[in-house]
Amino acid sequence: RFKAVIFDLDGVITDTAHYHYLAWKQLAESQGVHFDQAFNENLKGIDRMGSLDLILASSPRRYTQEEKLALADEKNRHYQELISTMSSADLLPGAVAALDSVRRAGLRIGLASVSKNAFTVLEHLGITDKFDYVVDAAKIARGKPDPEIFLKAASELGVAPADCLGVEDAVAGVAAIKAAGMFALGIGHPFVLTEADVVITSLQEFNLAAY
Ligand code: B16
Ligand code: MG
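Residues numbered from 1 in each chain as written. Chains lettered and ligands numbered in written order. Predicted model: local features only at pLDDT ≥ 70, side-chain atom pairs only at ≥ 80, totals over all residues.

### A short note on the packing of helix H3 (residues 48-56) against helix H4 (residues 65-83)
Let me state the cut-off plainly: Lines fitted to C-alpha atoms define the axes here, with helix axes fitted over just the stretch in contact, and angles between the N-to-C directions of these axes take values from 0 to 180 degrees. Elements are defined by DSSP. Helices are runs of H or I of four residues or more, strands are runs of E of two residues or more, and each kind is numbered from the N terminus. Geometric relationships in this document are graded by angle, where less than 35 degrees denotes roughly parallel, more than 145 denotes roughly antiparallel, 65 to 115 denotes roughly perpendicular, and other angles denote oblique. Once C-beta atoms have been placed from the backbone, residue pairs whose C-beta atoms lie within 7 Å are recorded as contacts. For this classification, the nonpolar set comprises Ala, Val, Leu, Ile, Met, Phe, Trp, Tyr, Cys and Pro, the charged set comprises Asp, Glu, Lys and Arg, and every other residue, Gly included, is treated as polar.
Running from N to C, H3 and H4 point in directions that differ by 110°, and their axes come no closer than 10 Å. When the axes of H3 and H4 are compared, the pair comes out roughly perpendicular. The residues of H4 that touch H3, namely those facing Arg48, Met49 and Leu52, are Lys68, Leu71, Ala72 and Asn76. For the contact of H3 with H4, the class distribution of residues is four nonpolar, one polar and two charged.

Structure below.
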């Protein structure tokens with residue numbers, strides 16, 4: 001019943017969330033801010049400057065815009081160093097099989113990641129050519145939970161939002177899919193992704209015919 005499937009990247013196709021965690025943790029601690037896995041959950045699907053603002057909110061210090069840009073840059077350099085050794089071994093189980101099943105069913109395939117490093121990650125994973133359209137996060141004004149990125153993917157794929165299935169691991173991402181008027185498939189736990197239409201544990205359980 002769908003005409004396109006639009007995937008999130010981090011946490012759905014590959015686990016870059018761990019690399020984001022390591023890079024943010026170092027940055028936060030350099031500013032005297034405590035950072036742990038639980039806090040990292042709040043940053044999933046949130047863009048770079050938005051994530052930094054959430055971290056610095058626990059600091060008593062006030063930062064100028066210039067200082068914030070420098071800190072965001074520092075985190076990004078560290079993150080890029082961490083992802084430079086990624087390969088197809090970093091694909092999450094079931095990811096390639098899911099992409100291939102969508103292709104076989106004749107649907108269009110999009111990628112909606114707010115990461116400005118998404119193109120690099122796709123190259124490392126060796127799956128760039130599996131997508132009909134990859135949104136350039138640099139051209140998106142509002143991050144998730146705003147629906148902009150999913151609507152952009154749908155319009156570039158030439159498919160109405162109501163005919164799209166969106167796949168997300170983050171609360172903000174599921175909210176973006178629902179705000180776009182799409183069917184939301186959550187990857188994770190139903191008690192976390194409460195807004196999703198269906199939740200599965202990983203793409204290993206992906207079954208297009210079931211939604
Ligand atoms: P960057 P997604 C998001 O990607 C991550 O979940 C989030 O943690 C990260 O801060 C954001 O990308 C920005 O990434 O600093 O590389 O531009 O889940 O939308 O694929
Ligand atoms: Mg994600």
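Once the structure has been displayed, the description carries forward.
### Some details on the nonpolar core
Where we set the bar: Joined through C-beta atoms within 7 Å, a set of buried Ala, Val, Leu, Ile, Met, Phe, Trp, Tyr and Cys residues constitutes a nonpolar core. Here a residue counts as buried when 20 or more other C-beta atoms fall within 10 Å of its C-beta, as exposed when 12 or fewer do, and as partly exposed in between; the C-beta atoms come from the backbone.
Val5, Ile6, Phe150 and Ala154 are the most contacted members of the largest nonpolar core, which totals 49 residues. With six residues, helix H7 (residues 148-157) is the largest single contributor of residues to this core. If sequence neighbours within four positions are ignored, phenylalanine 150 has contacts with Ile6, Ala112, Gly166, Ala176, Ile177, Ala180 and Met182. Judged by nonpolar contacts, the second largest core, of 11 residues, contains Tyr21, Leu27, Leu52 and Ile55.

### A few points about the pairing of strand E4 (residues 164-168)
To be explicit about the condition: The pairing criterion is simple: DSSP has to find at least two bridges between the two strands.
By the criterion of burial, E4 is predominantly enclosed, with five of the five residues buried. Burial of the side chains of E4 extends over both faces: Cys164, Gly166 and Glu168 are buried on one face and Leu165 and Val167 on the other. Of the strand pairs in this sheet, strand E1 (residues 4-7) and E4 are connected by four bridges, and their pairing is parallel. Its bridge partner lying in E4, valine 5 is registered against leucine 165. Inspection of the sheet shows E4 paired to strand E5 (residues 183-187) by four bridges, in the parallel sense.

### Some remarks on the site of ligand 1
Selection criterion: In this analysis, residues qualify as near a molecule or strand once their C-beta atom, positioned from backbone atoms, comes within 6 Å of it.
Close to ligand 1 lie 19 residues, the nearest being Asp10, Arg48, Ser113, Ser115 and Lys116. Here the residues of the shell around ligand 1 are counted per class, giving five nonpolar, eight polar and six charged.

### As for the pairing of E5
The following threshold applies: When the strands point away from the viewer, a crossover counts as right-handed if the path from the first strand over the helix to the second runs clockwise.
Buried residues dominate E5, accounting for five of its five residues. This β-α-β element, E4 to helix H8 (residues 171-179) to E5, shows right-handed connectivity. Here three bridges tie E5 to strand E6 (residues 198-200), and the two strands are oriented parallel to one another. Bridging from a neighbouring strand, leucine 185 pairs with valine 198 of E6.

### Observations concerning the packing of helix H1 (residues 17-30) against H4
For clarity, the threshold we go by: Note on convention: the crossing is left-handed when the near helix lies turned anticlockwise from the far helix by less than a right angle, right-handed when the turn is clockwise.
Where H1 contacts H4, the two axes come as close as 9 Å, and the packing angle between them is 140°. Taken together, the axes of H1 and H4 are oblique relative to one another. Crossing geometry of H1 relative to H4 is assigned as right-handed. Between H1 and H4, the contacting residues are Tyr19, His20, Leu22, Ala23, Trp24, Gln26 and Leu27 on the first element and Leu71, Glu74, Lys75, His78, Tyr79, Leu82 and Ile83 on the second.

### Regarding helix H5 (residues 95-104)
Definition in use: Here the arc refers to the directions that run from the helix axis out to each C-beta atom.
What H5 keeps buried is the set Ala95, Ala98, Leu99 and Val102. Down the axis of H5, the smallest arc covering the buried residues is 95°, so these residues share one side. In H5, the exposed positions angled more than 90 degrees off the buried face are occupied by Asp100 and Arg104. As for H5, its buried residues are in contact with E1 and strand E2 (108-111). Trailing H5 by a residue or two, glycine 106 shows a phi angle of about 85°, which is positive.

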